[in-house]
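Structural features, examined
Chain residues, written in single-letter form:
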Amino acid sequence: MATPFPSDHMESKSIELDQSAIAAFASQFDPQPYHLDASAADQSIFGGLCASGWHIAALATRLVIETLLANGLPFVEMTSVSRLKWSRPTFVNEKISVRVTVATSDEESPIANTRCQTLEIEVCNGNGAIVATMTANAAIAIDAALAAST
Amino acid sequence: MTDLYLRDRWFEDLPVGEFHVFGSHTFSELEIVEFAKNFDPRPESTDPEQARLNHRQGLTASPWLLAAMWMRKMVDYMEVYAQGVNDGRRNGAGVAISDLQWLEPVRPGHTLTYTYEIVAKPDQVIREKWGMIRSRNEAFNQYGNKVMQFEIDILAERRPKESGDPQQQ
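Residues numbered from 1 in each chain as written. Chains lettered and ligands numbered in written order. Predicted model: local features only at pLDDT ≥ 70, side-chain atom pairs only at ≥ 80, totals over all residues.

1. Overview of the overall build of chain A
- Of the regular secondary structure elements, chain A holds five helices and six strands.
- Of the regular secondary structure in chain A, the N- to C-terminal order runs β-β-α-α-α-α-β-β-β-β-α.
- Each principal axis of the C-alpha atoms in chain A carries an extent, and together these give about 55 × 30 × 20 Å.
- Looking at the 150 residues of chain A, the share that counts as buried comes to 42%.
- Intrachain contacts of chain A at a sequence separation of at least 6 include 69% that bridge at least 24 residues. (Helix = DSSP H or I, 4+ residues; strand = E, 2+ residues; numbered from the N terminus. Buried ≥ 20, exposed ≤ 12 C-beta atoms within 10 Å, placed from the backbone. Contact = placed C-beta atoms within 7 Å.)

2. Notes on the overall build of chain B
- A count of helices and strands for chain B gives four helices and five strands.
- The helix and strand sequence of chain B, counted from the amino end, reads β-α-α-α-α-β-β-β-β.
- Sorting the 169 residues of chain B into buried and exposed places 32% on the buried side.
- A fraction of 71% describes how many contacts in chain B between residues 6 or more apart in sequence connect residues 24 or more apart.

3. A few points about the nonpolar core
- Counting 72 residues, the largest nonpolar core has Ile56(A), Ala60(A), Val64(A), Ile121(A), Val123(A), Leu66(B) and Ala68(B) as its most contacted members.
- Counting residues in each nonpolar core, the second largest holds five residues, with Trp130(B), Ile133(B), Leu155(B) and Ala156(B) among its members. (Core = buried A, V, L, I, M, F, W, Y, C linked by C-beta atoms within 7 Å.)

4. Overview of the interface of chain B and chain A
- The partner chain A presents 28 residues to the 23 residues of chain B that form the contact.
- The element best represented in the side of chain B that touches chain A is strand E2 (residues 94-102) of chain B, accounting for nine residues.
- Partitioned by chemical class, the residues of the side of chain B that touches chain A number 14 nonpolar, six polar and three charged.
- Here strand E3 (residues 75-86) of chain A pairs with E2(B) via five bridges, running antiparallel. Counted as the bridge partner of Leu84(A) is Ile97(B) from E2(B). (Nonpolar A, V, L, I, M, F, W, Y, C, P; charged D, E, K, R; others polar. Pairing = 2+ DSSP bridges.)

5. Observations concerning the environment of Lys146(B)
Residues and elements named next belong to chain B.
- Inspection of the secondary structure puts Lys 146 in strand E5 (residues 146-157).
- For Lys 146 and Leu 59, which are 87 residues apart along the polypeptide, the C-alpha to C-alpha distance reads 19 Å.
- Leaving out residues up to four positions away in the same chain, Lys 146 has contacts with Leu 103, Glu 138 and Phe 140.

6. Comments concerning helix H1 (residues 19-29) of chain A
- Turning to H1(A), its buried residues are Ile22(A), Phe25(A), Ala26(A) and Phe29(A). Projection of H1(A) onto a plane perpendicular to its axis shows the buried side chains occupying an angular sector of 95°, all on one side. Away from its buried face by more than 90 degrees, H1(A) exposes Ser20(A) and Ser27(A).
- Its buried side turned inward, H1(A) meets strand E2 (15-17), helix H2 (33-36) and helix H4 (53-70) of chain A together with helix H4 (63-81) of chain B. (Arc of directions from axis to C-beta.)

7. Quick word on unusual backbone geometry
- Unlike most non-glycine residues, Asn113(A) shows phi in positive territory, near 60°.
- On the secondary structure map, Asn113(A) appears in the loop between strand E4 (94-104) and strand E5 (114-125).
- You can call Asn113(A) exposed: it has 12 C-beta atoms within 10 Å.
- For Arg127(B), which is not a glycine, the phi torsion comes out positive at approximately 45°.
- Within the secondary structure, Arg127(B) sits in the loop between strand E3 (111-120) and strand E4 (130-140).
- Judged by the 7 C-beta atoms lying within 10 Å of it, Arg127(B) falls in the exposed class.

8. Looking at H4(A)
- An ideal rise of 1.5 Å per residue puts 26 Å on 18 residues; H4(A) measures up with 26 Å between its terminal C-alpha atoms.
- Counting buried positions along H4(A) yields 15 of 18 residues, so the element is predominantly enclosed. (Expected span 1.5 Å × (residues − 1).)

9. Regarding the environment of Ser87(A)
Residues and elements named next belong to chain A.
- By secondary structure assignment, the location of Ser 87 is in the loop between E3 and E4.
- Taking the C-alpha atoms as reference, Ser 87 lies 21 Å from Ala 40; in sequence the two are 47 residues apart.
- Leaving out residues up to four positions away in the same chain, Ser 87 has contacts with Ile 130, Val 131, Ala 132 and Thr 133.

10. Comments concerning the confidence of the model for chain B
- Summarising the model, chain B shows a mean pLDDT of 88, and 85% of its residues fall at 70 or more.
- We note a pTM of 0.90 for the whole complex and an ipTM of 0.90 for its interfaces. (pLDDT = per-residue confidence, 0-100.)

11. Here we look at the pairing of E4(B)
All names here are of chain B.
- When E3 meets E4, the two strands line up antiparallel, connected through seven bridges. Within E4, the residue paired with Thr 113 across the bridge is Phe 140.
- Sheet topology places E4 next to E5; eleven bridges connect them, and they run antiparallel. Bridging from a neighbouring strand, Met 132 pairs with Leu 155 of E5.
- The antiparallel pairing of E4 with E5 creates a hairpin that spans five residues between the two strands, and Gly 144 there sits at a positive phi of about 85°.

Okay, here's the thing in C-alpha coordinates:
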(Lines give C-alpha, C1' and ligand atoms only; values in the text may rest on other atoms or scores of the structure.)
Protein backbone atom coordinates (compact mmCIF):
# COMPACT_ATOMS: atom_id res chain seq x y z
CA MET A 1 0.00 0.00 0.00
CA ALA A 2 1.35 3.36 -0.95
CA THR A 3 2.00 5.60 1.96
CA PRO A 4 -0.10 8.75 1.95
CA PHE A 5 2.73 10.59 3.68
CA PRO A 6 5.65 12.37 2.10
CA SER A 7 8.87 10.74 3.18
CA ASP A 8 11.19 13.64 2.45
CA HIS A 9 11.78 16.21 5.10
CA MET A 10 9.69 19.34 5.22
CA GLU A 11 10.87 22.79 6.22
CA SER A 12 8.97 25.43 8.12
CA LYS A 13 9.02 29.17 7.89
CA SER A 14 11.16 30.86 10.54
CA ILE A 15 10.19 32.82 13.62
CA GLU A 16 12.36 35.52 15.16
CA LEU A 17 12.67 35.62 18.94
CA ASP A 18 12.99 39.19 20.15
CA GLN A 19 13.71 40.15 23.71
CA SER A 20 10.10 40.88 24.57
CA ALA A 21 8.97 37.45 23.40
CA ILE A 22 11.77 35.75 25.33
CA ALA A 23 10.97 37.79 28.44
CA ALA A 24 7.21 37.24 28.16
CA PHE A 25 7.57 33.48 28.11
CA ALA A 26 10.30 33.42 30.74
CA SER A 27 8.48 35.68 33.18
CA GLN A 28 5.45 33.40 33.01
CA PHE A 29 7.15 30.01 32.97
CA ASP A 30 10.90 30.16 33.48
CA PRO A 31 11.87 33.27 35.46
CA GLN A 32 15.58 32.57 35.75
CA PRO A 33 18.24 35.28 35.38
CA TYR A 34 19.69 34.03 32.08
CA HIS A 35 16.30 34.52 30.40
CA LEU A 36 15.39 37.88 31.94
CA ASP A 37 18.44 39.88 32.99
CA ALA A 38 21.05 40.69 30.35
CA SER A 39 23.96 41.32 32.71
CA ALA A 40 23.26 38.21 34.78
CA ALA A 41 22.90 36.24 31.55
CA ASP A 42 26.33 37.36 30.36
CA GLN A 43 27.84 35.76 33.47
CA SER A 44 25.73 32.60 33.22
CA ILE A 45 26.40 29.17 31.77
CA PHE A 46 24.82 30.33 28.50
CA GLY A 47 26.90 33.49 28.11
CA GLY A 48 24.02 35.73 27.09
CA LEU A 49 20.32 36.43 27.26
CA CYS A 50 18.54 33.48 25.66
CA ALA A 51 15.16 31.83 25.33
CA SER A 52 13.90 29.18 27.72
CA GLY A 53 14.35 25.68 26.35
CA TRP A 54 10.64 25.09 26.95
CA HIS A 55 9.87 28.15 24.83
CA ILE A 56 11.93 26.62 22.02
CA ALA A 57 10.16 23.28 22.38
CA ALA A 58 6.72 24.88 22.26
CA LEU A 59 7.59 27.16 19.34
CA ALA A 60 9.15 24.30 17.42
CA THR A 61 5.98 22.30 17.93
CA ARG A 62 3.92 25.18 16.56
CA LEU A 63 6.14 25.25 13.48
CA VAL A 64 5.80 21.49 13.13
CA ILE A 65 2.00 21.67 13.33
CA GLU A 66 1.87 24.44 10.72
CA THR A 67 4.27 22.59 8.44
CA LEU A 68 2.42 19.27 8.61
CA LEU A 69 -0.92 20.93 7.95
CA ALA A 70 0.54 22.91 5.05
CA ASN A 71 1.74 19.62 3.57
CA GLY A 72 -1.64 17.99 3.88
CA LEU A 73 -0.96 15.94 7.01
CA PRO A 74 -3.89 16.34 9.41
CA PHE A 75 -2.00 16.65 12.68
CA VAL A 76 -4.23 16.08 15.70
CA GLU A 77 -1.98 16.02 18.74
CA MET A 78 1.58 15.40 19.91
CA THR A 79 1.40 12.44 22.28
CA SER A 80 4.97 11.79 23.40
CA VAL A 81 8.58 12.86 22.98
CA SER A 82 11.08 10.06 23.31
CA ARG A 83 14.04 12.44 23.18
CA LEU A 84 14.58 16.20 23.21
CA LYS A 85 18.09 17.59 23.32
CA TRP A 86 18.93 21.26 23.60
CA SER A 87 22.23 21.75 21.78
CA ARG A 88 22.81 25.48 21.96
CA PRO A 89 21.08 28.58 23.32
CA THR A 90 18.82 30.75 21.15
CA PHE A 91 19.86 34.33 21.81
CA VAL A 92 17.87 37.54 21.44
CA ASN A 93 16.84 38.33 17.85
CA GLU A 94 17.84 34.93 16.52
CA LYS A 95 15.45 33.06 14.25
CA ILE A 96 14.41 29.46 14.53
CA SER A 97 12.86 27.12 12.01
CA VAL A 98 12.27 23.37 11.92
CA ARG A 99 12.98 20.51 9.57
CA VAL A 100 10.55 17.61 10.01
CA THR A 101 10.86 14.08 8.74
CA VAL A 102 7.79 11.87 9.10
CA ALA A 103 8.21 8.13 9.56
CA THR A 104 5.75 5.34 10.16
CA SER A 105 5.50 4.01 13.68
CA ASP A 106 4.55 0.56 14.98
CA GLU A 107 2.98 2.09 18.05
CA GLU A 108 -0.75 2.33 18.40
CA SER A 109 -2.12 5.82 18.65
CA PRO A 110 -3.89 6.55 21.94
CA ILE A 111 -6.44 8.69 20.08
CA ALA A 112 -9.34 7.17 18.13
CA ASN A 113 -9.37 7.52 14.34
CA THR A 114 -5.72 8.51 14.23
CA ARG A 115 -2.50 6.73 13.42
CA CYS A 116 0.78 7.21 15.23
CA GLN A 117 3.57 8.78 13.19
CA THR A 118 7.10 9.45 14.40
CA LEU A 119 8.47 12.93 13.76
CA GLU A 120 12.19 13.58 13.61
CA ILE A 121 12.55 17.29 14.23
CA GLU A 122 15.59 19.50 13.90
CA VAL A 123 15.32 23.04 15.22
CA CYS A 124 17.76 25.38 13.48
CA ASN A 125 18.77 28.98 14.01
CA GLY A 126 19.22 31.58 11.29
CA ASN A 127 22.74 30.35 10.60
CA GLY A 128 21.53 26.82 10.04
CA ALA A 129 23.06 25.57 13.28
CA ILE A 130 21.00 23.03 15.19
CA VAL A 131 19.70 24.41 18.49
CA ALA A 132 17.58 21.38 19.42
CA THR A 133 16.59 17.97 18.15
CA MET A 134 13.39 16.20 19.05
CA THR A 135 11.90 12.79 18.31
CA ALA A 136 8.17 12.84 18.89
CA ASN A 137 5.10 10.75 18.25
CA ALA A 138 2.06 12.48 16.83
CA ALA A 139 -1.51 11.39 16.21
CA ILE A 140 -2.44 11.98 12.56
CA ALA A 141 -6.08 11.71 11.50
CA ILE A 142 -6.70 8.63 9.37
CA ASP A 143 -9.72 9.63 7.31
CA ALA A 144 -8.42 13.03 6.34
CA ALA A 145 -5.01 11.53 5.64
CA LEU A 146 -6.49 9.11 3.15
CA ALA A 147 -8.61 11.84 1.65
CA ALA A 148 -5.57 14.06 1.24
CA SER A 149 -3.73 11.30 -0.63
CA THR A 150 -6.36 10.86 -3.30
CA MET B 1 22.87 23.05 61.84
CA THR B 2 21.69 24.33 58.49
CA ASP B 3 19.21 22.42 56.40
CA LEU B 4 20.21 21.73 52.83
CA TYR B 5 17.60 21.91 50.13
CA LEU B 6 17.09 21.25 46.47
CA ARG B 7 19.37 23.52 44.40
CA ASP B 8 21.15 24.63 47.56
CA ARG B 9 23.80 21.95 47.33
CA TRP B 10 26.64 20.93 45.10
CA PHE B 11 26.39 17.98 42.74
CA GLU B 12 28.17 15.70 45.21
CA ASP B 13 25.57 16.32 47.92
CA LEU B 14 22.48 15.39 45.92
CA PRO B 15 21.48 11.76 46.60
CA VAL B 16 19.81 9.42 44.15
CA GLY B 17 16.34 8.68 45.49
CA GLU B 18 15.64 12.17 46.81
CA PHE B 19 11.99 12.99 46.15
CA HIS B 20 10.07 16.26 46.17
CA VAL B 21 6.42 17.15 45.70
CA PHE B 22 7.24 20.65 44.60
CA GLY B 23 4.14 22.41 43.35
CA SER B 24 0.53 22.39 42.22
CA HIS B 25 -1.30 24.49 39.68
CA THR B 26 -4.92 24.84 38.59
CA PHE B 27 -5.17 25.60 34.87
CA SER B 28 -7.70 28.26 33.89
CA GLU B 29 -9.52 28.39 30.58
CA LEU B 30 -7.88 31.75 29.89
CA GLU B 31 -4.31 30.50 30.28
CA ILE B 32 -5.07 27.39 28.23
CA VAL B 33 -6.42 29.59 25.42
CA GLU B 34 -3.62 32.17 25.65
CA PHE B 35 -0.93 29.50 25.48
CA ALA B 36 -2.60 27.83 22.50
CA LYS B 37 -2.87 31.14 20.65
CA ASN B 38 0.90 31.39 20.81
CA PHE B 39 1.84 27.78 20.28
CA ASP B 40 -1.06 25.95 18.60
CA PRO B 41 -3.32 28.55 16.98
CA ARG B 42 -5.73 26.10 15.35
CA PRO B 43 -9.34 27.14 16.09
CA GLU B 44 -10.08 23.78 17.68
CA SER B 45 -7.30 24.50 20.18
CA THR B 46 -8.13 28.14 20.97
CA ASP B 47 -11.87 28.63 20.54
CA PRO B 48 -14.05 27.05 23.24
CA GLU B 49 -16.99 26.61 20.85
CA GLN B 50 -14.98 25.03 18.05
CA ALA B 51 -13.09 22.94 20.59
CA ARG B 52 -16.37 21.20 21.49
CA LEU B 53 -16.15 19.57 18.06
CA ASN B 54 -12.56 18.36 18.40
CA HIS B 55 -11.45 14.85 19.34
CA ARG B 56 -11.35 15.81 23.02
CA GLN B 57 -14.81 17.37 22.91
CA GLY B 58 -13.55 20.54 24.50
CA LEU B 59 -10.58 22.72 25.33
CA THR B 60 -7.56 20.93 26.71
CA ALA B 61 -4.21 22.30 27.76
CA SER B 62 -1.44 22.25 25.17
CA PRO B 63 1.09 19.55 26.08
CA TRP B 64 3.89 22.08 26.38
CA LEU B 65 1.84 24.23 28.76
CA LEU B 66 1.91 21.31 31.19
CA ALA B 67 5.68 21.01 30.78
CA ALA B 68 6.28 24.77 30.98
CA MET B 69 4.31 24.88 34.23
CA TRP B 70 6.60 22.15 35.58
CA MET B 71 9.46 24.60 35.01
CA ARG B 72 7.62 27.47 36.68
CA LYS B 73 6.79 25.41 39.74
CA MET B 74 10.39 24.22 39.97
CA VAL B 75 11.70 27.79 39.78
CA ASP B 76 9.22 28.89 42.47
CA TYR B 77 10.37 26.00 44.67
CA MET B 78 13.98 27.05 44.22
CA GLU B 79 13.06 30.62 45.14
CA VAL B 80 11.81 29.38 48.49
CA TYR B 81 14.65 27.01 49.29
CA ALA B 82 17.68 28.49 47.58
CA GLN B 83 17.43 32.17 48.39
CA GLY B 84 20.70 33.96 47.95
CA VAL B 85 22.25 31.10 45.99
CA ASN B 86 23.34 32.46 42.62
CA ASP B 87 26.00 30.01 41.54
CA GLY B 88 25.86 26.71 39.71
CA ARG B 89 24.24 24.89 42.60
CA ARG B 90 21.13 26.59 41.37
CA ASN B 91 21.66 28.03 37.92
CA GLY B 92 22.50 24.93 35.98
CA ALA B 93 20.91 24.22 32.65
CA GLY B 94 18.69 21.52 31.22
CA VAL B 95 20.46 19.46 28.58
CA ALA B 96 17.99 16.85 27.40
CA ILE B 97 14.72 15.14 28.23
CA SER B 98 13.57 11.63 27.47
CA ASP B 99 10.46 9.49 27.76
CA LEU B 100 8.13 12.50 27.82
CA GLN B 101 4.55 11.26 27.72
CA TRP B 102 1.24 13.04 27.98
CA LEU B 103 -1.19 10.45 29.28
CA GLU B 104 -4.52 12.19 29.87
CA PRO B 105 -6.05 15.48 28.75
CA VAL B 106 -5.99 18.42 31.15
CA ARG B 107 -9.09 20.58 31.00
CA PRO B 108 -9.87 24.02 32.43
CA GLY B 109 -10.14 23.78 36.21
CA HIS B 110 -7.94 20.71 36.50
CA THR B 111 -5.19 20.82 39.11
CA LEU B 112 -1.82 19.17 38.54
CA THR B 113 0.62 18.29 41.29
CA TYR B 114 4.25 17.90 40.22
CA THR B 115 6.83 15.50 41.64
CA TYR B 116 10.59 15.20 41.14
CA GLU B 117 12.88 12.31 41.99
CA ILE B 118 16.61 12.03 41.39
CA VAL B 119 17.13 8.74 39.56
CA ALA B 120 20.74 8.83 38.38
CA LYS B 121 24.00 10.72 38.60
CA PRO B 122 26.08 9.62 35.62
CA ASP B 123 29.77 9.65 36.48
CA GLN B 124 31.00 12.37 34.16
CA VAL B 125 32.56 15.81 34.45
CA ILE B 126 31.18 18.30 31.95
CA ARG B 127 33.06 21.43 30.94
CA GLU B 128 35.33 20.98 33.95
CA LYS B 129 32.91 21.98 36.68
CA TRP B 130 29.48 20.45 36.09
CA GLY B 131 27.85 17.12 36.87
CA MET B 132 24.63 15.67 35.50
CA ILE B 133 21.54 15.05 37.60
CA ARG B 134 18.89 12.87 36.01
CA SER B 135 15.45 13.19 37.53
CA ARG B 136 12.12 11.52 36.88
CA ASN B 137 9.25 13.97 36.91
CA GLU B 138 5.56 13.27 37.05
CA ALA B 139 2.35 15.27 37.21
CA PHE B 140 -0.89 13.98 38.69
CA ASN B 141 -4.37 15.45 38.30
CA GLN B 142 -6.95 16.01 41.00
CA TYR B 143 -8.15 12.42 40.62
CA GLY B 144 -4.67 11.07 41.30
CA ASN B 145 -4.17 10.00 37.69
CA LYS B 146 -0.76 10.52 36.16
CA VAL B 147 -1.09 12.89 33.21
CA MET B 148 2.55 13.59 32.32
CA GLN B 149 5.95 12.07 32.91
CA PHE B 150 9.48 12.67 31.70
CA GLU B 151 13.12 12.37 32.65
CA ILE B 152 15.41 15.36 32.40
CA ASP B 153 19.17 15.79 32.63
CA ILE B 154 20.14 19.01 34.37
CA LEU B 155 23.64 20.28 35.06
CA ALA B 156 24.60 20.90 38.68
CA GLU B 157 27.89 22.46 39.68
CA ARG B 158 30.44 20.27 41.39
CA ARG B 159 31.82 21.45 44.69
CA PRO B 160 34.73 23.81 44.09
CA LYS B 161 38.02 22.32 45.27
CA GLU B 162 38.70 25.15 47.75
CA SER B 163 35.25 25.02 49.31
CA GLY B 164 34.93 22.51 52.11
CA ASP B 165 31.60 23.87 53.29
CA PRO B 166 28.77 23.61 50.76
CA GLN B 167 27.04 26.52 52.45
CA GLN B 168 29.87 28.95 51.68
CA GLN B 169 29.99 30.67 48.34
